Each structure stands twice: as C-alpha cells, then as structure tokens.
Amino acid sequence: VAMNFNLQWVYNLIVEDVVSLDTGKLYRKHQAYKVFRWIFLAFIIAPTMELFLKVTVMPWDAYWLYVLVQQLRTWAIYTSIIVSFSSLPHPTPLRVFELTRDTGGSEEEEE
C-alpha cells in the first residue's frame with residue numbers, strides 16, 4: 001500500500017510540475033519505485049517457486065542446489081535494489097544541528 005501511495009504521489013508531482021531539472025529527478029524516482037514494485041513481487045513469489053523446484057525437480061540428495069538457488073535469489077534481489085536506487089539523487093542532509101541555538105557565551109558573561 002505504501003509503495004503504491006509513493007508511486008502515485010511522485011506521479012502527481014510529475015504531472016503538476018513544470019519541465020525542469022527537478023522533474024527529471026522525479027522521473028528517475030518514479031522509475032525506481034516501479035522497478036522496486038517488481039522486485040518486491042519477486043521477493044514474495046520466490047520462496048514458493050523455490051519450494052516447488054525443491055519438491056518436483058531436484059533430487060533429494062541435491063540440497064546444496066536448493067541452498068544455491070536461495071543464495072542466488074537473495075543476491076539478485078539485493079543487487080537489483082542497489083542498481084535501481086543508485087541513480088537517484090542523494091537526499092539532502094538532515095538539518096538537526098541547525099535547529100539548536102548557539103548563544104556564543106557562557107551564563108556568567110550574560111549577567
């Protein structure tokens with residue numbers, strides 16, 4: 001639900017915005033979210049497919065092949081996420097420390 005909300009939110013920003021460099025960034029973000037939706041679907045379906053392969057295709061003494069398929073799936077999902085979100089612009093740093101006030105002196109100087 002949150003992923004579809006983010007996709008729709010970014011799409012609305014693209015539609016309402018004028019053509020600029022920021023719009024290009026929004027297009028990249030929208031594309032990354034669309035790719036992530038497919039990666040998430042693969043993440044959900046993959047254990048069922050692996051179990052099906054284990055039960056029907058793989059012989060009982062080929063457990064190592066089942067583990068290999070699981071590890072390759074995990075590696076492929078991580079790599080896909082990294083590649084799809086690596087082209088996004090870096091977020092602005094948090095401005096937490098800018099919220100504090102520096103008085104510039106100690107309490108004795110103020111009195």
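Only a predicted model underlies this, so the values are computations on that prediction, with no experimental measurement involved. For every chain, the first residue of its written sequence is number 1, and the numbers climb from 1 along that sequence. Confidence filtering applies because this is a predicted model: local features only for residues at pLDDT of at least 70, side-chain atom pairs given and counted only at 80 or more, and all residues used for totals across whole chains, interfaces and linings. In computing side-chain values, all of the structure's heavy atoms are included and hydrogens and water are not.

Student: How should I be thinking about a nonpolar patch on the surface in this particular structure?
Tutor: Exposure above 30% relative accessible area and the absence of a salt bridge qualify a residue for a patch, where like charges join within 9 Å and nonpolar side chains (Val, Leu, Ile, Met, Phe, Trp, Tyr) within 5 Å. Here, Shrake-Rupley sampling with a 1.4 Å probe gives the accessible areas, and only protein chains in the shown set may cover a residue. Any carboxyl oxygen of Asp or Glu within 4 Å of a side-chain nitrogen of Lys or Arg constitutes a salt bridge here. Nonpolar side chains collect at one region of the surface, where W38, F40, L41, F43, I44, I45, M49, F52, L53 and V57 lie side by side and expose about 1,000 Å² of accessible area between them. Considering the arrangement of structural elements, one finds I44 in helix α2 (residues 21-56). Helix numbers and strand numbers start at the N terminus; a helix is a DSSP run of H or I with at least 4 residues, a strand a run of E with at least 2.

Student: Which parts of the structure should I look at to understand the packing of aromatic side chains?
Tutor: We describe a pair of aromatic rings using the distance from one ring centre to the other and the angle between the two ring planes. Within 6.5 Å between ring centres, the rings of Phe, Tyr and Trp (the latter by its six-membered ring) count as paired, and their orientation is classed by plane angle as stacked under 30 degrees, edge-to-face over 60, tilted in between. If you walk through the whole model with that rule in mind, you get four aromatic pairs. Aromatic side chains F36 and F85 sit 5.8 Å apart centroid to centroid with 70° between the ring planes, which places their arrangement in the edge-to-face category. You can see F36 sitting in helix α2 and its partner F85 sitting in helix α3 (residues 63-86), a full 49 residues away along the chain. Directly above the ring of Y66 sits K54, whose terminal nitrogen or CZ lies 4.5 Å from the centroid. Put simply, a charge is over a ring when the Lys NZ or the Arg CZ is close to the ring centre, within 6 Å, and near the line of the ring normal, within 35 degrees.

Student: Looking at this model, I keep getting lost on the side chain of E50. Mind explaining?
Tutor: Here E50 shows up in helix α2. Excluding its chain neighbours within four sequence positions, the residues that come into contact with E50 are Y66, V69, Q70 and R73. Note on definitions: a residue-residue contact is assigned when non-hydrogen atoms from the two residues lie within 4.5 Å.

Student: What is the right way to look at helix α1 (residues 2-16) in this model?
Tutor: Count 3.6 residues to each turn of an α-helix, and residues three or four apart come out pointing the same way. What a helix is expected to span follows from its residue count: subtract one and scale by 1.5 Å. Between its terminal C-alpha atoms α1 stretches 21 Å, which fits the 21 Å expected from 15 residues at 1.5 Å a residue. Along α1, the residues that are buried comprise M3, L7, V10 and I14. Down the axis of α1, the sector holding all buried residues measures 70°, keeping them to one side. Opposite the buried face of α1, by more than 90 degrees, sit the exposed residues A2, F5, V15 and E16. Note on classification: 1.4 Å probe, protein chains only; a residue is buried when its accessible area is under 20% of the maximum for its type, exposed when over 50%, partly exposed between these limits. The directions considered for the arc are those from the helix axis to the C-beta atoms.

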